[in-house]
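Notes for the structure review
Single-letter residue listing:
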Amino acid sequence: MVSYHRQRALIALFSLTTRASAFSAPSTSAVAAHVKGHRHRHLFIRGGATTSSTSSIHDSNTNEEEEPRTGWLHNTEPKYASYPTTSSSAPLSLAMKRLMADKMQKYRNHRIITPPAAHPCGDANRMMVTEHKISIPLTHPDLQAAMNNEQSSSTTNDEEQRIVPVERIDGAFLTNNEAFDEPTIDVYFTITELLSNAQDEAHFHALQNPNLSPSQRATLYFQKGTSDGESSVDPSRMMLYLQGGPGFGCASPVSGLSLASSSSSWAAAVLLGGKVSNADGKSFQRIVLMDQRGTGRSSAICKQQLVKMFPDLFLLDKKKEGEGKVVGEEFGGDSDARTMLLQARQQKALKEATDYLSLFRADSIVRDAEWIRESLANPFPSVNDDGNDDAAVNGPQPWGGALGQSFGGFCLMTYLSSIQNPPELVYFTGGIAPMNTPVREVYDRLWLRVRERSWKYYEQYPGDVATVKKIVRKLLAHENSADPIILPSGGILTARRFLQVGLALGGSPGTSFANMHSVINSAFVDEDSDEISNAFLKTIDYEQSFDDAPLYFLLHESIYADGEGATQWAANQSYESHVEANSEFDYRVTSEEDNSNPTLFFGEMVFPFMAHGDYSELSNSGMRTLSEALAEKSDWLPLFDETNMRTALVHKKKSRAAAACYYDDMYVDFECAMKLVQRGCPLEGVKVYVTNEYQHSGLRDDGANIINKLAAMSKNRLHVPS
């Protein structure tokens, strides 16, 4: 006979599974359907603060007959007053168009969050840096439509997937009132510009007024020397920068990107050097550095935020003493009943969290960049007496230029694939994505590059061969004795985690190798000891910051998921195959004292073991199941479109492009990149500078020279390739 507690658990489980059926489709459209009417929760975007409603949503005393709530989907308080509903078939009246334009400005919620700062730079100049935040749709309408199409055609259409390029990223919001129901996230970006005359200086001092609110400061920013309703910002004289990753915020001007002189960085060369100009030959006035969604200060995603948004996902995590009531305590001693309930609730939250994180890839990032550009070009949307809005009157106003480093270059390929008017000048540095190459093959190639860089490191520091072997043996001994070495963060320093310091091997030998050498030789208390030093443990925690940037771990392999199925921990599969074929890759073998091979490091790869205790913030049931779900996700949208890229670069020549490709690049396979720039291939129109003078860090090491070269190549002022 089924016990009373078991009956209650089965009833609750049945209720959950039937309610969760709407989430069974393999498309993120389920998320949008669920959040419709629940917009602007913002518990996951404003400086990490949660709203007062969070505690009531997650109250463990909630009646068991109510549907369990997972946090971020259940806000019902509208941010704006309701507007009349529009019909997609009926033309909008002039009054309605103007109401929609007004609502658009409120929806964007553009702010300059602090008074600007001025910094001295070369030749007695000064640079002004402003810090902006803007609200952006969580799901852009055209992506939602693509998700819906993917869901409806995934089982019947075997034809090649195509991306429909977007002409107006905000178009749906000016014609369809329901678009404003979409929840928003915040995206943070800085603008760096030269203060070149007295008017610039006066404008800077006006913006420093401490009595201005962030929105007032943003309004004033656009009004320098213009009449009402106009913008002083010209997109054709702005350069957008897309950083590497995924999962890390952008470098900050001055502290992370030097502006000291025209040769101190690529950014300084663009604004001060005089050799980099837009398509019309005019100098660039502004550089936009954007924290990609979910990183830095752009609605940053960390485990703390995921727990707030999807608490049921973490129900099976081990609780620390004093953390509160255990969910399912009402079932008394019937642990099986409690486990069944928790698993059902976790599975529902897992689907929601997986769909949510699927919105943080390159396809969303480039649309965010377009949203920013449109907001800078037309900050005060208005409609004239003929019923035309600003953007329609002004015509296309693409970015004057865009620079993509590493993953940022992958994003630029998505830009060329999905935006009808991409940046006029496009520069890649170590960032040509291996499209048309299966993800498993990508990692098969990259492991060989990691081996080559490991050999290169040991050639420079031959004494470290024995030291690394000693460290690995020590860590393996602790693992085997069930006495692991605990890091200050709570993670476990295993041999496999230690070998991930090899992520730095892709930088220049003069800096990255030297830093690795310093870390490795701080491992023991002294030369004659085998006791691991506390300083070494702290350094490992600092150098391996995956805990602080979980998107890098969760979404890294998805950057190669071009609508072609699940990634399935491709790097780990590739590693195991290499180990099986060649024991040189097996650190358990090569770390033995009598083995003549050096112990190879790991490279830019993520592994399932990272969620099994090695990294505390990535571990426990919630993060582990989330990482596994993303690895098994097979319905990714395509990121690249060969036809659209060739249209932009070759046929219509909307963009001119140049790329720096590093022959020995450990992170981006050179051969895969070269396949794409040949005649008749997707990136045929890209002029390529091939070099082994730099590693993947070339833009950081010698950015001014590289950007000057690429700029000259894109305008045929330099015969490269010769």
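Residues numbered from 1 in each chain as written. Predicted model: local features only at pLDDT ≥ 70, side-chain atom pairs only at ≥ 80, totals over all residues. Heavy atoms only, no water.

1. Quick look at the overall build of the protein chain
Cut-off, in case you're wondering: Under the DSSP-based scheme used, a helix requires at least four consecutive residues in state H or I and a strand at least two consecutive residues in state E, with every element numbered from the N terminus. Working definition: with a 1.4 Å probe on protein chains only, accessible area under 20% of the residue-type maximum means buried, over 50% means exposed, and in between means partly exposed. We call two residues in contact whenever any of their non-hydrogen atoms come within 4.5 Å of each other. Computed with the Shrake-Rupley method and a 1.4 Å probe, the accessible areas treat only the protein chains shown as cover for residues.
Looking only at helices and strands, one finds 25 helices and 10 strands in the protein chain. Classification of the 722 residues of the protein chain by burial places 56% in the buried group. Sequence-distant contacts, at least 24 apart, represent 79% of the contacts inside the protein chain between residues at least 6 apart. Only carbon and sulfur atoms are counted for the fraction: they give 48% of the accessible area of the protein chain, which is about 29,500 Å².

2. Topic: a negative patch on the surface
To be explicit about the condition: Each patch is built from residues that are more than 30% exposed by relative accessible area and take part in no salt bridge. Like charges join if they lie within 9 Å; nonpolar side chains (Val, Leu, Ile, Met, Phe, Trp, Tyr) join within 5 Å. Salt bridges are identified by distance alone: a Lys or Arg side-chain nitrogen within 4 Å of an Asp or Glu carboxyl oxygen. None of His or the chain ends enter the tally, which takes Lys and Arg as positive and Asp and Glu as negative. Here the site of a charge means NZ on Lys, CZ on Arg, CG on Asp, or CD on Glu.
A cluster of like negative charges, contributed by D526, E527, D528 and E531, occupies part of the molecular surface. The residue E531 is located in the loop between α17 (509–520) and α18 (534–543) in this model.

3. Considering the side chain of D186
Let me state the cut-off plainly: Contacts described as polar in this section are N or O atom pairs within 3.5 Å, which, within protein, must combine one atom able to donate a hydrogen with one able to accept it, while residues neighboring in sequence count only if both atoms come from side chains.
Mapped onto the fold, D186 is located in strand β4 (residues 184–195). The buried category is assigned to D186, whose relative accessible area is 0%. Within the structure, the side chain of D186 is placed 3.2 Å from the side chain of S135, a separation counted as a polar contact.

4. Some details on the confidence of the model for the protein chain
To keep it simple, the criterion reads: The pLDDT score gives, residue by residue, the confidence of the prediction method on a 0 to 100 scale.
For the protein chain, the average pLDDT comes to 85, and 83% of its residues sit at 70 or higher. Note on residues 1–15: pLDDT under 50 across the span, and 21 contacts to partners over four residues away in sequence or across chains. Across residues 154–158 the pLDDT falls below 50, and counting only partners more than four positions away or on other chains, this stretch makes 0 contacts in the model.

5. Quick look at unusual backbone geometry
In this model, G245 is joined to P246 through a cis peptide bond whose omega is 5°. Assignment of secondary structure puts P246 in the loop between β5 (238–242) and α8 (266–273). Here the bond from V720 into P721 is cis, since omega is 0°, no more than 30 degrees from zero. If you check the backbone angles, V254 has positive phi at about 75° while not being a glycine. Note that V254 resides in the loop between β5 and α8. On the basis of relative accessible area, V254 is assigned to the partly exposed category, the value being 36%.

6. A word on the packing of helix α10 (residues 335–357) against helix α22 (residues 620–632)
Applicable threshold: The angle between two axes is taken between their N-to-C directions and runs from 0 to 180 degrees, where each axis is a line fitted to C-alpha atoms and a helix contributes only its stretch in contact. Put simply, angles under 35 degrees are roughly parallel, angles over 145 are roughly antiparallel, angles from 65 to 115 are roughly perpendicular, and the rest are oblique. Helix crossings fall into two classes, left-handed where the near helix is turned counterclockwise from the far one by less than a right angle and right-handed where it is turned clockwise. Side-chain classes follow a simple rule in which Ala, Val, Leu, Ile, Met, Phe, Trp, Tyr, Cys and Pro form the nonpolar group, Asp, Glu, Lys and Arg form the charged group, and the remainder, Gly included, forms the polar group.
At a closest axis distance of 10 Å, the pairing of α10 and α22 adopts a crossing angle of 55°. Taken together, the axes of α10 and α22 are oblique relative to one another. Judged by the twist between their axes, the crossing of α10 over α22 is right-handed. Listed contacts from α22 to Q346, L350, A353, T354 and L357 of α10 are S621, G622, T625, L626, A629 and L630. When grouped by side-chain class, the residues that make up the contact of α10 with α22 number 6 nonpolar, 5 polar and no charged.

7. Details of the pattern of salt bridges
Tallied over the entire structure, the rule returns 31 salt bridges. The partner of D385 in a salt bridge is R98, and the shortest N-O contact between them spans 2.8 Å. With D385 in the loop between α11 (362–377) and α12 (390–394) and R98 in helix α4 (residues 94–108), this residue pair connects regions lying 287 residues apart in the sequence. With a relative accessible area of 65%, D385 lands in the exposed category.

8. A look at the packing of aromatic side chains
Note the threshold: Pairing of aromatic rings covers Phe, Tyr and the six-membered ring of Trp, with a centre-to-centre limit of 6.5 Å; geometry is then stacked below 30 degrees between planes, edge-to-face above 60, and tilted otherwise.
Evaluation of the coordinates by the stated rule reveals 31 aromatic pairs. Judged by centre distance (5.5 Å) and plane angle (75°), the rings of Y457 and F513 are edge-to-face. Pair noted here: Y457 is in helix α14 (residues 439–460) and F513 is in helix α17, with a separation of 56 residues, a long-range link. For the pair Y457 and F513, a shared accessibility class is recorded, and that class is buried. Ring plane angle 20° and centroid distance 5.6 Å describe the contact between Y458 and F601, whose orientation is recorded as stacked.

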